Amino acid sequence: MKRKDQRISENDLLGKTYLVTGGNSGIGYEAIRNFASRGARVILVCRSKEKGREALENIKLETGNDSLFLYIADFSSLISVNRFAKKISKDFSKIDVLCNNVGGANAIRMVTGEGFEMTFVTNHLSGFLLTKMLLPLLSISTNEEPARVIFTSSYGHAHSPLNFDDLELRNGYSSLRAYGRSKLMNLLTAREFSLRCQRENIVFSSFHPGAVRTPIWSKGGSASRFIGFVLFPFLINVKRGSDTFIWLASSQDQRALEADGQYFFKRKRARVATHATTAASSKLWDLTEKLVEPFAE
Ligand SMILES: NC(=O)c1ccc[n+]([C@@H]2O[C@H](COP(=O)([O-])OP(=O)(O)OC[C@H]3O[C@@H](n4cnc5c(N)ncnc54)[C@H](OP(=O)(O)O)[C@@H]3O)[C@@H](O)[C@H]2O)c1
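Values in this document were obtained by computation on a predicted structure and should not be read as measured data.

### Remarks on the overall build of the chain
Within the chain, the regular secondary structure consists of 11 helices and eight strands. Restricting the contact set of the chain to residue pairs at least 6 apart, pairs at least 24 apart contribute 77%.

### Here's the deal with the confidence of the model for the chain
Looking at the chain as a whole, the pLDDT averages 94, with 96% of positions reaching at least 70. The low-confidence segment residues 1–8, where pLDDT is below 50, has nine contacts with residues more than four positions distant or belonging to other chains.

### Some points on the site of the ligand
Around the ligand, 28 residues are found, and the nearest of them are Gly-22, Gly-26, Gly-103, Thr-214 and Ile-216. For the shell around the ligand, the leading source of residues is helix H2 (residues 26–37), giving three residues. Partitioned by chemical class, the residues of the shell around the ligand number nine nonpolar, 15 polar and four charged.

### Things to note about helix H4 (residues 78–91)
Here H4 spans 20 Å end to end across 14 residues, near enough to the 20 Å set by a 1.5 Å rise per residue. When we look at burial in H4, the residues that qualify are Leu-78, Val-81, Asn-82, Phe-84, Ala-85 and Ile-88. Projected down its long axis, H4 shows its buried positions confined to an angular sector of 165 degrees, all on one face. Exposed side of H4, more than 90 degrees from the buried face: Lys-86, Lys-90 and Asp-91 are the residues found there. On its buried side, H4 packs onto strand E1 (17–21), strand E2 (41–46), strand E3 (68–72), helix H5 (118–139) and helix H11 (278–292).

### Describing the environment of Asp-66
For Asp-66, the position within the fold is in the loop between helix H3 (49–63) and E3. Considered as a pair, Asp-66 and Leu-56 are 10 residues apart in the sequence and their alpha carbons are 9.5 Å apart.

### Things to note about the pairing of E3
Taken together, the five bridges between E2 and E3 define a ladder with parallel strand orientation. Paired with Leu-44 across the two strands is Leu-70, which belongs to E3. Once you follow E2 into H3 and on to E3, the crossover reads as right-handed.

### Details of the sheet that holds E2
The strand order across the open sheet built from eight strands is E3-E2-E1-E4-E5-E6-E7-E8, with neighbouring strands paired in mixed fashion. The open sheet terminates on both sides in strands that have one partner only, identified here as E3 and strand E8 (268–269). Sheet analysis places E1 next to strand E4 (residues 97–100), joined by three bridges and oriented parallel. Bridged to Tyr-18 within E4 is Val-97. Together, E4, strand E5 (147–152) and strand E6 (202–208) form the strand contacts of H5, whose direction differs from that of E4 by roughly 175 degrees.

### Describing H11
Owing to its 3.6 residues per turn, the α-helix aligns residues three or four sequence positions apart on the same side. Taking 1.5 Å of rise per residue, 15 residues should cover 21 Å, and H11 covers 21 Å from first to last C-alpha, within 8% of that figure. Every buried residue of H11 is listed here: Ala-280, Ser-281, Leu-284, Thr-288, Leu-291 and Val-292. Projection of H11 onto a plane perpendicular to its axis shows the buried side chains occupying an angular sector of 95 degrees, all on one side. Opposite the buried face of H11, at more than 90 degrees from it, the exposed residues are Thr-278, Ala-279, Asp-286 and Lys-290.

### Quick look at unusual backbone geometry
A positive phi angle, near 50 degrees, is found at Leu-169, a position not held by glycine. Along the polypeptide, Leu-169 turns up in the loop between E5 and helix H6 (175–196). Phi at Asp-260 is positive, roughly 60 degrees, even though this residue is not glycine. Looking at the element boundaries, Asp-260 is found in the loop between helix H10 (254–257) and strand E7 (263–265). Taking the number of C-beta atoms within 10 Å as the measure of exposure, Asp-260 has 15 and is therefore partly exposed.

### A look at the pairing of E5
If a strand is regular, its side chains alternate between the two faces of the sheet. By the criterion of burial, E5 is predominantly enclosed, with six of the six residues buried. Across the two faces of E5 the burial is the same, with Ala-147, Val-149 and Phe-151 and Arg-148, Ile-150 and Thr-152 all buried. Taken together, the four bridges between E4 and E5 define a ladder with parallel strand orientation. Within E5, the position partnered with Val-97 by the bridge is Arg-148. Relative to E6, E5 runs parallel, the two being bridged by six bridges. Each bridged residue has a counterpart across the sheet, and for Ile-150 the counterpart in E6 is Ser-205. For the handedness criterion, the β-α-β arrangement of E5, H6 and E6 is classed as right-handed.

### A closer look at the nonpolar core
Judged by nonpolar contacts, the single largest core of 71 residues is most densely connected at Val-42 and Leu-44. The dominant element in this core, judged by the number of residues it contributes, is H5, at 10 residues. Filtering out sequence-adjacent residues up to four positions away, Leu-44 remains in contact with Val-20, Gly-23, Asn-24, Ile-32, Gly-52, Ala-55, Leu-56, Leu-68 and Leu-70.

Analysis parameters
- Residues numbered from 1 in each chain as written.
- Predicted model: local features only at pLDDT ≥ 70, side-chain atom pairs only at ≥ 80, totals over all residues.
- Helix = DSSP H or I, 4+ residues; strand = E, 2+ residues; numbered from the N terminus.
- Contact = placed C-beta atoms within 7 Å.
- pLDDT = per-residue confidence, 0-100.
- Near = placed C-beta within 6 Å.
- Nonpolar A, V, L, I, M, F, W, Y, C, P; charged D, E, K, R; others polar.
- Expected span 1.5 Å × (residues − 1).
- Buried ≥ 20, exposed ≤ 12 C-beta atoms within 10 Å, placed from the backbone.
- Arc of directions from axis to C-beta.
- Pairing = 2+ DSSP bridges.
- Right-handed = clockwise from strand over helix to strand, strands pointing away.
- Axes fitted to C-alpha atoms, helices over the stretch in contact; angles between N-to-C directions.
- Core = buried A, V, L, I, M, F, W, Y, C linked by C-beta atoms within 7 Å.

Right, here's the structure in full:
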């Protein structure tokens, strides 16, 4: 068996701390594998202790990197995200890269105990709250290069304009509409953070991974399962699906280091839907801030 230090291919991320949400499977898992193999300290957060442990053990075994840490948080609960953010702030002195990657779809409209539509809180509000609460840790990233925050968005944003009178789809709910909207929110949030945090040394971005063969297709009910089934032969593997993710999170390429809040696909700035306006970003920010405020203390 190879010695541990020989199994880490390049150590170019040594000394950096990565936090990846939803990293127990899919493209998040693949990204963690990559960061760990390059020597980064990685924090994996997921909702299932069993799945998280298994993912972490596999990655430790494969990369020989022991600096991997598991935290449990349920992103459908802002109380849970708040607790997690506080714990991270106590346990770590800095975060260099935050990857807001948790995401999913829900077949039927559900409202959480905290009063939010499930997809809205899990895919959007939680990542927003987490990023806000970790800004101090990102700002003091002591490496010479900027800290980075990446939001996993989707081309699905293009089909689902926001209706600010009914952000949580009390009327006309469908799994795909709720999902698409939340992915639009990811894109708008990255842009707005970038605008509002210009004095911080943090680069924000969002991206579309492509249509990727991951467990997500089996989790969103029959519509999602059907689309996953039809698309199955055309879905790309997680290695390709995580390429832009990893590039935005770790590349020295100036285009990644100067992402400027923009939305990427295949390592290039990509066109966004016409409804992804700056007015929409700003309005969404104001509404989101109000909603998460009671959970930010
Ligand atoms: N696959 C695609 O074609 C595609 C295309 C565009 C965008 N995306 C985006 O890519 C991201 C990753 O998805 P994936 O395709 O890699 O699928 P995945 O393997 O299902 O990953 C989703 C991750 O989010 C976690 N998650 C979901 N709800 C959560 C909650 N309430 N609390 C904590 N964690 C939660 C999942 O945990 P569990 O394992 O416990 O469910 C899993 O770790 C998502 O944001 C998705 O919207 C995917």
